[in-house]
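Remarks on the overall topology
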Amino acid sequence: MSDFAIVSKVIRGRRAIFPKSYTPQEIEVETIKDILDSARWAPTHKRMEPWRFVVFRGEGRQKLSDFMAEDYKNTAVSFSEARQKQLSANPLLANAVIAIIVHINPDSGLPEWEEYAATACAVQNMWLTASSLGIGAYWSTPGIIQRMGALIDMEPEQKCIGLFYMGIPEGEVLQEGTRKPVEDFTKWVE
Ligand SMILES: Cc1cc2nc3c(=O)[nH]c(=O)nc-3n(C[C@H](O)[C@H](O)[C@H](O)COP(=O)(O)O)c2cc1C
């Protein structure tokens, strides 16, 4: 298979796979490290490498789950115990959850959006790597990410932009992706 065929297959085959589809099967620490290793090869202007990650696994997932339950209790407009249970179950259904953090260096001279963009590229690298390893993953952006500083150490120049859930899905998850054709979003100047 050519490099293009491999890359194209991996890109098109990546899907958001949600915790309800994960089995309790373990993802080895070494495998999580391989996924994080892919993250650091994302493009990064001035090589600021603005991504930071906090991995919740094993017992650590319970801390995230408890934090979510408590946060929901404190912020819900109309509290429902069922909803609280549902929200806080996700970290425990996953085998690992990675908090995605952007570090904005005020001395870089770069616009902040470039650091968000670089970190998003890092997440895509993780997602593609997970997918190629048969690991289901998805990027979740619940409101709680604005308050993650209450759970994990974060510097003032850091912002959590999501939770990356990972788990090994049951069998092969064959979900068709849909996207608009290239002509719908591209203009050519020739
Ligand atoms: C920045 C970002 C944030 C996302 N946040 C959520 C989210 O909070 N909840 C969710 O269900 N999916 C979230 N997703 C995943 C998308 O729902 C998913 O990528 C989309 O449905 C397309 O499906 P696919 O990734 O399988 O092609 C997010 C994706 C991105 C890139």
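In short, a report on the structure. (Residues numbered from 1 in each chain as written. Predicted model: local features only at pLDDT ≥ 70, side-chain atom pairs only at ≥ 80, totals over all residues. Heavy atoms only, no water.)

1. Brief notes about helix α3 (residues 60–75)
For α3, spanning 16 residues, the distance from its first C-alpha to its last is 23 Å, which sits close to the expected 22 Å at 1.5 Å a residue. Those residues of α3 lying buried are G60, R61, L64, S65, F67, M68, A69, D71 and Y72. At its buried positions, α3 is contacted by β1 (51–57), α4 (81–93), β2 (96–103) and β4 (158–167). (Helix = DSSP H or I, 4+ residues; strand = E, 2+ residues; numbered from the N terminus. Expected span 1.5 Å × (residues − 1). Buried < 20%, exposed > 50% of the residue type's maximum accessible area, 1.4 Å probe, protein only. Contact = heavy atoms within 4.5 Å.)

2. Considerations on the site of the ligand
Lining the immediate surroundings of the ligand are R14, R15, A16, F18, W127, Y138, W139, S140, T141 and R179. In the model, an oxygen atom of the ligand is placed 2.9 Å from a nitrogen or oxygen of the R15 side chain. Compared with its free state, where it exposes 620 Å², the ligand has 56% of that area covered by protein. Across the shell around the ligand, the residue classes tally to five nonpolar, two polar and three charged. (Near = heavy atom within 4 Å. Polar contact = N/O pair within 3.5 Å; in protein donor to acceptor, adjacent residues only side chain to side chain. Areas by Shrake-Rupley, 256 points an atom, 1.4 Å probe, with all protein chains shown as cover. Nonpolar A, V, L, I, M, F, W, Y, C, P; charged D, E, K, R; others polar.)

3. Details of helix α2 (residues 29–39)
Within α2, burial applies to T31, I32, I35, S38 and A39. Within α2, the buried residues cover an arc of 115° as seen down the axis, which keeps them to one side. The secondary structure elements touched by the buried residues of α2 are β1, β2, α5 (112–132) and β4. (Arc of directions from axis to C-beta.)

4. Observations regarding the pairing of strand β3 (residues 136–140)
When you tally the buried positions in β3, you get four out of five residues, the bulk of the element. Where β3 lies against β4, five bridges are found, and the strand directions are antiparallel. Along β4, the bridge assignment pairs G136 with G167. (Pairing = 2+ DSSP bridges.)

5. Here we look at the state of the cysteines
One covalent bond between the sulfur atoms of two cysteine residues makes up a disulfide. Summed over the entire model, instances satisfying the criterion amount to zero disulfides. No disulfide involves C121; its sulfur sits 18 Å from that of C160, the nearest cysteine. (Disulfide = S-S within 2.5 Å.)

6. What to know about the sheet that holds β1
With antiparallel pairing, the four strands of this open sheet are ordered in space as β1-β2-β4-β3. A single partner strand is all that each edge strand has here, and the edge strands are β1 and β3. For this sheet, the mean angle separating the axes of adjacent strands, direction not counted, is 25°. Sheet analysis places β2 next to β4, joined by eight bridges and oriented antiparallel. Directly across from I100, in β4, lies its bridge partner G162. (Axes fitted to C-alpha atoms, helices over the stretch in contact; angles between N-to-C directions.)

7. Examining the environment of I161
Following the sequence through the fold, I161 ends up in strand β4. Under the relative-accessibility criterion, I161 is labelled buried at 12%. I161 sits 13 residues away from M148 along the chain, and the two C-alpha atoms are 9.7 Å apart. Ignoring any residue separated from it by four or fewer positions in sequence, one finds I161 in contact with I100, V102, Y116, T119, W139, T141 and I145.

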